[in-house]
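Listed below are the residues making up each chain.
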Amino acid sequence: MNLNSALYTDLYQLAMGQAYFLKEKHKVSATFDYFFRKTPFEGGYVLFSGLEEVLDWLETVAFSEDDIAYLTAQGFNSDYIEYLKNFKFTGHIQSMQEGEIIFPFSPILTVTGSIIECQIIETFILNALNFQSLIATKASRIRYISGEEKSLAEFGLRRAQGYAGLQASRASFIGGFDYTSNVLAGKLYCIPVSGTMAHAYIQSYDDELTAFRDFAETRPVNCVLLVDTYDTLKSGIPNAIIVAKEMEARGERLLGIRLDSGDLAYLSKAGRKQLDEAGLEYVKIAASNQLDEHVIRSLKEQQAQIDIYGVGTNLVVGKENGALDGVYKLCSFNETPRIKISENLKKMNFPGKKQVYRYMNENGLYIADAITLDHLEAPKTMAHPFETHKRMAIEYATVKPLLHDVMIDGKRVHAKKSTAELVQITKDNLSKLPTEHKRFDNPHVYKVGLSPELEALRDQLKKKN
């Protein structure tokens, strides 16, 4: 399967492309904004993820001979088919950096190029950015509530939606996880891999102790024993203690035990007591089984003795929100600002090419974002996006633009960032977001506003149309 195929799009993109081509409008310049309207998980922010993969795809995307044969069979015009044979992206992209903290309605990424190029690449951009930003955000929430002292392992591949499991592992790592069980993701994205054992391994033996012994002998480093196959406190942990002592005699150390069922808070505390009484204070306790940020918060409130959280399904499917509602809207055509009109102001887009400025206080913490036209400096006042003519002054110490050139003429203009670099960027950005925006219950709404000039342009086009 060729994921760099330009067929990685929706049919209506190609149908519109044919109409642009046959009406000789396909070379007209256009600009589209990518943004989202609502934060997921009833949270206060989103982490931007997926940009590097979008840029990789755009640099190589094309229609193969097989793709062209398929489109021909779909009945597309022969002249249009000839055009698509040489299709490649040659446009200009401005974007916030991957790992940035993003908020509703601000342009996160803008694409400028021929209308046909901008249209064909839309679906992939939405597919990559919406999903990875959702999962990175979920991961950051789990990291926030777990605390920096805990280890987090992503175990979601078997429950992920197909090949999206790879992107979920990548986004989870960028969002704050330490490990993945996904070996291919570990190779592709340089993520440390981690794993224990399954109940089936223990069940394949006539007794649990022999299973533990054989596993420890064949995996003396990073050995974690699953202790809940039969009876956690009367069998699993006592047998793990025997094996841990045997490993000590060989000059080895058992890394940990894993709990995968039952009352995790109670079992972890009782298990910690058993391990400590055996002189195995160094043996860690890992826990899994339908964990998410809410369950982990409850476990912490119960003073559970858990060192490693293994999180799978609820992370990689983005529970309770299966998708980020990111959209890709035309804001300029033939160098003329365009707007979508709706009775609901939140369904309207902001016209023209734009810049987003972020304001920070004297401690470097984020306090507000302002959206303005791209040729203007950071405004001193901004309007509420949807409460007409409600203005506020911005008191700040420093300000920075967030949209920067990342691709010109279809080529990157900066070196590709590694996942390790993106992890650090994310940490730095999250450290600058005030805690009131990170809390789970009624997070403080981050201020995003319009410059007076952008507000006036929107109102003018709304009246005109």
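Preceding this paragraph is the structure being described.
As the structure is a prediction and not an experimental result, all values here were calculated from the model.

Asks: Quick question: what am I supposed to make of the sheet that holds strand β6 (residues 151–154) here?
Replies: In any sheet, the strands associate via hydrogen bonds between backbone groups, in a parallel or an antiparallel arrangement. Taken together, the six strands give an open sheet; going across it, the order is β7-β6-β11-β10-β9-β8, and neighbouring strands pair in parallel fashion. Each edge of the open sheet carries a strand with a single partner, namely β7 (179–180) and β8 (224–226).

Asks: Mind showing me how you'd approach the side chain of Asn130 here?
Replies: Secondary-structure assignment places Asn130 in helix α6 (residues 122–146). Among the residues examined, Asn130 registers a relative accessible area of 12% and is labelled buried. Non-local contacts of Asn130, meaning those with residues more than four positions away in its chain, are made with Tyr34, Ile125, Leu324 and Gly326.

Asks: What should I look at first to understand empty space enclosed by the protein in this one?
Replies: In this structure the tally under the stated criterion is one cavity of 30 Å³ or more. Size it by volume and the largest cavity reaches roughly 30 Å³. The class makeup of the residues in the lining of the largest cavity is one nonpolar, four polar and three charged.

Asks: I'm lost on the nonpolar core in this one. Help?
Replies: Nonpolar side chains in soluble globular proteins generally cluster together in the buried interior. Counting 127 residues, the largest nonpolar core has Val111, Ile121, Leu225 and Ile257 as the members making the most contacts within it. Leave out the neighbours within four places in its chain, and Val111 touches Ala30, Thr31, Phe32, Phe89, His92, Ile93, Cys118, Ile121, Ile125 and Tyr328. Tyr357, Ala368, Met382 and Ile394 belong to the second largest nonpolar core, which has seven residues in total.

Asks: Honestly, the pattern of salt bridges in this entry has me stumped. Any pointers?
Replies: Between side chains of opposite charge, pairing is possible as soon as their charged atoms come close. Within this structure, the stated rule accounts for 23 salt bridges. Glu100 is the partner of Arg358 in a salt bridge, and the nearest nitrogen-oxygen pair spans 2.9 Å. Highlighted residues: Arg358 in strand β14 (residues 354–360) and Glu100 in the loop between β3 (92–95) and β4 (101–102), separated in sequence by 258 residues. In this pair, the class of Arg358 matches that of Glu100, namely buried. Here the residues in one salt-bridge network are Glu52, Asp56, Glu59, Arg412 and Lys416, joined through shared partners.

Asks: Which parts of the structure should I look at to understand the sheet that holds strand β20 (residues 411–412)?
Replies: Judged by pairing direction, the sheet is antiparallel, and its seven strands sit side by side in the order β13-β12-β1-β5-β3-β19-β20 without closing on themselves. Both outer strands of the open sheet, β13 (336–337) and β20, are each paired with one neighbouring strand and no more. In the packing of α6 onto the sheet, contacts are made with β1 (29–36), β5 (109–114) and β12 (326–333), and the angle to β12 comes to roughly 140°.

Asks: What exactly am I supposed to notice about helix α16 (residues 452–464) here?
Replies: Between the first and last C-alpha of α16 there are 18 Å, a value that for 13 residues agrees with the 18 Å anticipated at 1.5 Å per step. Of all the residues in α16, the buried ones are Leu454, Glu455, Leu457, Arg458, Asp459 and Leu461. Looking at the packing, one finds that the buried side of α16 touches β13, β14, β15 (366–373), β16 (381–383), β17 (391–393) and β21 (447–450).

Asks: For this particular structure, what's the right way to read the side chain of Ser114?
Replies: With respect to the helices, strands and loops of the structure, Ser114 is situated in strand β5. Once residues lying within four places of it in the same chain are set aside, the contact partners of Ser114 are His26, Lys27 and Val28.

Asks: Explain the packing of helix α10 (residues 208–218) against helix α11 (residues 232–249) here, please?
Replies: One can describe the packing of α10 onto α11 by two numbers: an axis separation of 9 Å at closest approach and a directional angle of 40°. Pair α10 / α11 crosses with right-handed handedness. Of α11, the residues touching α10 (which contributes Glu208, Leu209, Phe212, Arg213 and Ala216) are Ser235, Gly236, Asn239, Ala240, Ile242, Val243, Glu246 and Met247.

Asks: Would you take a moment to explain the packing of aromatic side chains for this structure?
Replies: Each pair of aromatic rings is reported with the distance of its centres and the angle of its planes. Scanning the model with the defined rule gives 14 aromatic pairs in all. Seen in terms of ring centroids, Phe21 and Tyr83 are 5.3 Å apart; in terms of plane orientation they differ by 35°. Their pairing is tilted. Taken together, the residues span a long stretch of sequence, with Phe21 in helix α1 (residues 11–22) and Tyr83 in helix α4 (residues 78–85) at a distance of 62 residues. Judged by its relative accessible area of 23%, Tyr83 is partly exposed. Consider the rings of Trp57 and Phe124, whose centres lie 4.1 Å apart with planes at 10°: the pair is stacked. Of the two residues, Trp57 sits in helix α2 (residues 51–60) while Phe124 sits in helix α6, which places them 67 residues apart along the sequence. Neither Trp57 nor Phe124 differs from the other in exposure class; each is buried. One aromatic cluster is present, built from ring pairs that chain together Phe21, Phe76, Tyr80 and Tyr83.

Asks: Is there a simple way to explain the environment of Val243 in this structure?
Replies: Here Val243 shows up in helix α11. For the pair Val243 and Asp214, spaced 29 residues apart in sequence, the C-alpha separation works out to 9.7 Å. Every residue in contact with Val243, bar those within four places of it in the chain, is listed here: Leu209, Phe212, Arg213, Ala216 and Leu225.

Asks: Could you clarify how one ought to interpret the packing of helix α3 (residues 65–73) against α4 in this entry?
Replies: In helix packing, the relevant descriptors are the interaxial angle and the interaxial distance, both defined with respect to the helix axes. Direction vectors running N to C along α3 and α4 enclose 165°, while the axes themselves pass 10 Å from each other. Between α3 and α4, the crossing angle belongs to the class labelled roughly antiparallel. In the crossing of α3 with α4, the sense of the turn from one axis to the other is right-handed. Counted together, Ile68, Leu71 and Thr72 of α3 and Ile81, Leu84 and Lys85 of α4 form the full contact between these two elements. Split by residue class, the contact of α3 with α4 holds four nonpolar, one polar and one charged.

Asks: Any chance you could explain unusual backbone geometry here in plain terms?
Replies: The phi angle of most residues is negative, glycine excepted, and most peptide bonds adopt the trans form. Glu320 follows Lys319 through a cis peptide bond whose omega is 15°. Looking at where Glu320 falls in the secondary structure, it is placed in the loop between α14 (313–316) and β12. Look at Asn289: it is not a glycine, yet its phi comes out positive at around 105°. Looking at the element boundaries, Asn289 is found in the loop between β10 (284–287) and α13 (293–301). A relative accessible area of 39% places Asn289 in the partly exposed class.

Conventions we followed
Residues numbered from 1 in each chain as written. Predicted model: local features only at pLDDT ≥ 70, side-chain atom pairs only at ≥ 80, totals over all residues. Heavy atoms only, no water. Pairing = 2+ DSSP bridges. Helix = DSSP H or I, 4+ residues; strand = E, 2+ residues; numbered from the N terminus. Buried < 20%, exposed > 50% of the residue type's maximum accessible area, 1.4 Å probe, protein only. Contact = heavy atoms within 4.5 Å. 1 Å grid on protein atoms, 1.4 Å probe; cavity = no way out; pocket = protein on both sides within 12 Å on 5 of 7 lines; lining within 4 Å. Points joined across faces, edges and corners; volume = space filled by probe spheres on them. Nonpolar A, V, L, I, M, F, W, Y, C, P; charged D, E, K, R; others polar. Core = buried A, V, L, I, M, F, W, Y, C linked by side-chain atoms within 4.5 Å. Salt bridge = Lys/Arg side-chain N within 4 Å of Asp/Glu carboxyl O. Axes fitted to C-alpha atoms, helices over the stretch in contact; angles between N-to-C directions. Expected span 1.5 Å × (residues − 1). Left-handed = near helix turned anticlockwise from the far one by under 90°. Phe/Tyr/Trp six-rings, centres within 6.5 Å; stacked < 30°, edge-to-face > 60°. Parallel < 35°, antiparallel > 145°, perpendicular 65-115°, else oblique.

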